[in-house]
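# Reading the structure
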Amino acid sequence: MTETIELIALPLQPGGTVIVKGVPIHMQDDGTVMVPEGTPTLTREQLILDEKDADTATKRIYYALQLMTLDSASAGIYHEKLISLLDDRAEATELQPVLRSLAIISELSRKGEYLAALEVCRHLIQFDDALVREFPAG
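Below, the structure is looked at part by part. (Residues numbered from 1 in each chain as written. Predicted model: local features only at pLDDT ≥ 70, side-chain atom pairs only at ≥ 80, totals over all residues. Heavy atoms only, no water.)

### Describing the pattern of salt bridges
Spelled out, the test is: The salt bridge criterion pairs a side-chain nitrogen of Lys or Arg with a carboxyl oxygen of Asp or Glu, the two atoms within 4 Å. Using a 1.4 Å probe on the protein chains alone, a residue whose accessible area is under 20% of its type maximum counts as buried, one over 50% counts as exposed, and one in between counts as partly exposed. Comment: elements are numbered from the N terminus, with helices defined as DSSP H or I runs of at least four residues and strands as E runs of at least two.
In the structure shown here, the tally under the stated rule is six salt bridges. For Lys52, the salt bridge identified is with Asp53, shortest N-O distance 3.9 Å. What makes Lys52 exposed here is its relative accessible area of 63%. Arg110 is paired through a salt bridge with Glu107; the nearest N and O atoms lie 2.5 Å apart. Pair noted here: Arg110 and Glu107 are both in helix H3 (residues 96-110), with a separation of three residues, about one helical turn. Salt bridges sharing common partners tie together Asp50, Lys52 and Asp53.

Set out below in structure tokens:
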């Protein structure tokens, strides 16, 4: 996924700081990268690395948001699919917290705030998982 994105090297030495999109990034002497608390981030552990792993409706929403985040030049292409996925998920529930979360995700993505939308979606995935554990099918 990230293989198609052109990356550049930052001249960041231990103890140095660089500002990316207004966010100061500081590399400590031990190689730890520090950003201000509350900075929206997306780590490799939070990625769905293979589309087949997006095996629930909410994970498919997450995957679409992830593509929009990682390939912002093509975000418009993914946005229509995202809206369709959000609509499908909304039609499948009457739970107000889920509907509110979907509305927030939609609004954040419309404004281009994909990392914030991903964070809301991660919470929704956790909520879905908890529901399945508490009320298993069958």
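### Examining the pairing of strand S1 (residues 17-20)
Looking down a regular strand, the side chains alternate between one sheet face and the other. Note the threshold: In this analysis, strands are considered paired if DSSP registers two or more bridges between them.
Bridging between S1 and strand S2 (residues 23-27) involves four bridges; their strand directions are antiparallel. The residue bridging Thr17 from the neighbouring strand is His26, located in S2.

### Here we look at the environment of Arg100
Take Arg100: it is sitting in helix H3. Expressed as a C-alpha distance, the spacing of Arg100 and Ala90, which sit ten residues apart in the sequence, is 9.4 Å.

### A short note on the side chain of Ser101
Just so we agree on the cut-off: Polar contact criterion, stated in full: a pair of N or O atoms within 3.5 Å, where within protein one must be able to donate a hydrogen and the other to accept it, and residues adjacent in sequence count only if both atoms are side-chain atoms. Pairs of residues are marked as contacts when any of their non-hydrogen atoms sit within 4.5 Å.
Mapped onto the fold, Ser101 is located in helix H3. Overall, the relative accessible area of 18% leaves Ser101 in the buried class. A distance of 2.9 Å separates a polar side-chain atom of Ser101 from the backbone oxygen of Pro97. Non-local contacts of Ser101, meaning those with residues more than four positions away in its chain, are made with Val120 and Leu124.

### Remarks on the layout of surface pockets
Definition in use: With a 1 Å grid spanning the protein atoms alone, the term cavity applies to any set of points in which a 1.4 Å probe fits but cannot get out, the term pocket to an open set with protein on both sides within 12 Å along at least five of seven lines, and the term lining residue to any residue with an atom within 4 Å of a point. Grid points are joined across faces, edges and corners, and a volume is the space filled by probe spheres set on the points.
If you add up the space inside the second largest pocket, you get close to 150 Å³. Lining the second largest pocket are Glu51, Ala54, Arg60, Tyr63, Ala64, Leu67, Tyr78, Lys81 and Leu85. At the level of elements, helix H1 (57-70) and helix H2 (75-91) are the ones that each hand at least two residues to the lining of the second largest pocket. Per element, the largest residue contribution to the lining of the second largest pocket is four residues, and it comes from H1.

### Digging into the packing of H2 against H3
Geometrically, a packed helix pair is captured by the angle between its two axes and the distance between the axes. Filter applied, for reference: Interaxial angle, 0 to 180 degrees, is taken between N-to-C directions of lines fitted to C-alpha atoms, where a helix line uses only the stretch in contact. Roughly parallel here means an angle under 35 degrees, roughly antiparallel means over 145, roughly perpendicular means 65 to 115, and every remaining angle is called oblique. Each residue gets one label: Ala, Val, Leu, Ile, Met, Phe, Trp, Tyr, Cys and Pro are nonpolar, Asp, Glu, Lys and Arg are charged, and the others, such as Gly, are polar.
For the pair H2 and H3, interaxial distance at closest approach is 10 Å and the crossing angle is 170 degrees. Considering their axes alone, H2 and H3 lie roughly antiparallel with respect to each other. Residues His79, Leu82, Ile83, Leu86, Arg89 and Ala90 of H2 form the contact with H3, whose participating residues are Val98, Leu99, Leu102, Ile105, Ser106, Ser109 and Arg110. When the residues that make up the contact of H2 with H3 are grouped by side-chain class, the tally is eight nonpolar, three polar and two charged.

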